[in-house]
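Spelled out from the first residue to the last, the chains are:
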Amino acid sequence: MPTKTLRRLMDDSDDPFALVLAPPEGETPEQREVRLLLEREAKEISDSIDEELSREKAQEKKGPRPVKVLLLGQSESGKSTTLKNFQLMYDAKAFRAERASWRAIVQLNVVRSIHVILDVITRQQNRRSPTDDTRPPESPVVDEDLAALKMRLSPLIHVEEVLTQRLIPKGPDKSDAARLAQLTNIPYSEHPRLVNREIAVNSATQWKDVFARLVSSDKDSFDSSKAIDWEDPSDPGMVLHALAEDMKALWENDTVQALLERQNLRLQEAAGFFLDCLDEVTSLKYVPSDDHILRARLKTLGVSEHRIKMTSGGMTGSISRDWRIYDVGGQRSLVSGHGPSRSSSSRLIARTAAWAPYFQDMSAILFLAPISAFDQVLAEEPRVNRLADSVNLWTTIVSNKLLADTNVILFLNKIDIMKSKLESGIKLVDYVNSYAKRPNDLESASSYLRKKFAGIHRENSPAPRIFYCHLTTVTDRKSTQYVLANIKDMLMHQYLEDASLIA
Ligand SMILES: Nc1nc2c(ncn2[C@@H]2O[C@H](COP(=O)(O)OP(=O)(O)OP(=O)(O)O)[C@@H](O)[C@H]2O)c(=O)[nH]1
Ligand SMILES: [Mg+2]
């Protein structure tokens, strides 16, 4: 899968190089020398990227114009998952060659979910004895069996650390490659104390190479099990397999379920949830299926460009075009807590400013709004409702003058979670007052939200343009591929029309 680093990852205030290279207070002459050396090296790298970009620009002028699509939306909206669908459809060989790397991410997702549960148990244990006055009545009791189960599963915390360390490269010059970020999926009523950290990687830096030892040199092989080094001593597969029964027992434990319910923690809806298929993912020769790769969660840092060659059949024969798909990180502040706190409007402006350099020359913006997040808050701004954040972002994007001539496609995403949430009795009106007395079902809720988003587009668009909107579950391959095939045909068709107008 061709991927490359883009020079401008973020605006200057969050530029990882600027942060790393700022002269520290009380710097000694030796430290200064080392710093200057690092700066020179960074400049050389930056200059070579510039040269590469200008070479590519010159090359582009010679050939046909590529079709460019920019994926936008808040964190966990499904941008990277949509990109994976594009890759699975149109570059399946490269997609499947990366199974070994995604296997490690699924393993990381599993141990993270277990870690969240172990954390919940620990906090309950810390509420001391059942006679403690501060303990609410009927609070579930962590009995000896559950405490023993927790102890047996503690090696998984180490597994998580090992996997995380492998993904976060050491050394100051690697600081833009990966970071720990706040976990996004926090229920609306949840206390910020529960905030966990989640790994974020720049998909342009080849994080997949980290697991290269697992990948055989035979990249063309479609037999995925051959691409994995089953003897690798640092592979956590054996530990996960050995603890599979305990993990299942933990997930099925009544006290655990009661504690999760009390804390409003719906892990089933959280990113990277695999506890419902532990038999499969902990089996000794586990290789993730396409569906598991789509469900695997790895937060994006910065912006990366992905190239895919697309072919479309037409009346005059088939045409083939280069596509560039840009995937961005949706969470603005990955260094939250280290800088001055920002208001939500300045965060919004900063996020859009970070994306703006990519607005020019785009064939389409594909904006994802995860409408199921109506009862959640942003990790970086616990007072901001996630649906309200999507609406604000959408308003900013559709009113942007640089995008006046760009196709804007909206995915109202995570329809599957939305459906189960509404069915479980969570009421949209409790979070969106204007929903009033409408029925609390998917059909009514999605059509209401679709109208709202369409209205914002109509009122704020700098010039009239067609509005494309789809209700999606991008983890569902079949339905997503149908939508993406339509988008592909639409953009290819438009490309041909534009080309004939220019000719
Ligand atoms: N159930 C369900 N899960 C989804 C859907 N879309 C995405 N997900 C999951 O939600 C998680 C987040 O999706 P990503 O594609 O990583 O989100 P993103 O927008 O790239 O997030 P950032 O990289 O943080 O900006 C992943 O675990 C996906 O598998 C959906 O429609 N339904
Ligand atoms: Mg992403």
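Looking up the protein chain in an unreviewed UniProt entry gives the name Guanine nucleotide binding protein, alpha subunit, with the organism given as Mycena alexandri.

A.B. asks: Would you mind going over the site of ligand 1 in detail, with residue names and values included?
C.D. replies: Taken together, 25 residues lie near ligand 1, and Gly78, Ser80, Arg297, Thr300 and Gly330 sit nearest. Listed by contribution, the elements that provide at least two residues to the shell around ligand 1 are helix H3 (79–90), helix H12 (290–295), strand E6 (299–300) and helix H15 (415–423). Across the shell around ligand 1, the residue classes tally to four nonpolar, 14 polar and seven charged. Counting the residues that make up the shell around ligand 1, at least three belong to each of domain 2 (66–94 + 302–502) and domain 3 (98–295).

A.B. asks: Got a sec to walk through the pairing of strand E9 (residues 364–370)? Specific residues and values, please.
C.D. replies: Of all seven residues in E9, seven are buried, a share of seventy percent or more. Where burial is concerned, the two faces of E9 agree: the one with Ala364, Leu366, Leu368 and Pro370 and the one with Ile365, Phe367 and Ala369 are both buried. Relative to E9, strand E2 (residues 67–72) is paired through four bridges, and the arrangement is parallel. Looking across to E9, one finds that Leu72 is bridged to Phe367.

A.B. asks: With reference to specific residues and values, describe the nonpolar core.
C.D. replies: Grouped together as the largest cluster of nonpolar side chains are 50 residues, with contacts concentrated most on Leu71, Ile365, Leu366 and Phe367. The greatest single-element share of this core, amounting to six residues, is contributed by E9. When residues no more than four places from it in sequence are discounted, the contact partners of Phe367 are Leu72, Gly73, Trp394, Ile397, Val408, Ile409 and Leu410. The next biggest cluster of nonpolar side chains, apart from the first, holds 36 residues, and it includes Leu108, Val111, Leu240 and Leu250.

A.B. asks: Describe the environment of Ser113, listing the residues and the values that go with them.
C.D. replies: You can see Ser113 is positioned in helix H5 (residues 99–125). Measuring from C-alpha to C-alpha, the distance between Ser113 and Met492 comes to 41 Å, with 379 residues separating the pair along the chain. Not counting residues up to four positions away in its chain, the partners in contact with Ser113 are Leu267, Phe273 and Leu275.

A.B. asks: Explain the pairing of strand E11 (residues 407–413) to me, and be specific about the residues and the numbers.
C.D. replies: In terms of residue burial, E11 counts as a mostly covered element, since six of its seven residues are buried. Summarising the sheet, E9 and E11 pair through seven bridges and their orientation is parallel. The residue of E11 that forms the bridge with Ala364 is Asn407. The sheet contact formed by E11 and strand E12 (residues 467–471) spans five bridges and is parallel. Each residue of the ladder has a partner; that of Leu412, found in E12, is Leu471.

A.B. asks: Before we move on, can you summarise the confidence of the model for the protein chain with the specific residues and values?
C.D. replies: When the pLDDT values of the protein chain are averaged, the result is 80; 75% of them are 70 or greater. Here strand E1 (residues 3–5) stands out as the element of the protein chain with the lowest mean pLDDT, 35, in contrast to helix H9 (residues 244–252), whose mean of 97 is the highest. Taken together, the stretch residues 1–21 has pLDDT below 50 and engages in 44 contacts with residues farther than four places along the chain or on a different chain. Below pLDDT 50 for its whole length, residues 213–217 participates in 12 contacts with residues either more than four positions away or in separate chains. In the predicted complex, the global pTM is 0.81; the interface-specific ipTM is 0.99.

A.B. asks: Mind laying out unusual backbone geometry, listing which residues take part and the relevant values?
C.D. replies: The phi dihedral of Glu76 is positive, around 65°, even though this residue is not glycine. Position of Glu76 among the secondary structure elements: in the loop between E2 and H3.

Definitions and cut-offs
- Residues numbered from 1 in each chain as written.
- Chains lettered and ligands numbered in written order.
- Predicted model: local features only at pLDDT ≥ 70, side-chain atom pairs only at ≥ 80, totals over all residues.
- Near = placed C-beta within 6 Å.
- Helix = DSSP H or I, 4+ residues; strand = E, 2+ residues; numbered from the N terminus.
- Nonpolar A, V, L, I, M, F, W, Y, C, P; charged D, E, K, R; others polar.
- Domains from an automatic or database assignment.
- Buried ≥ 20, exposed ≤ 12 C-beta atoms within 10 Å, placed from the backbone.
- Pairing = 2+ DSSP bridges.
- Core = buried A, V, L, I, M, F, W, Y, C linked by C-beta atoms within 7 Å.
- Contact = placed C-beta atoms within 7 Å.
- pLDDT = per-residue confidence, 0-100.

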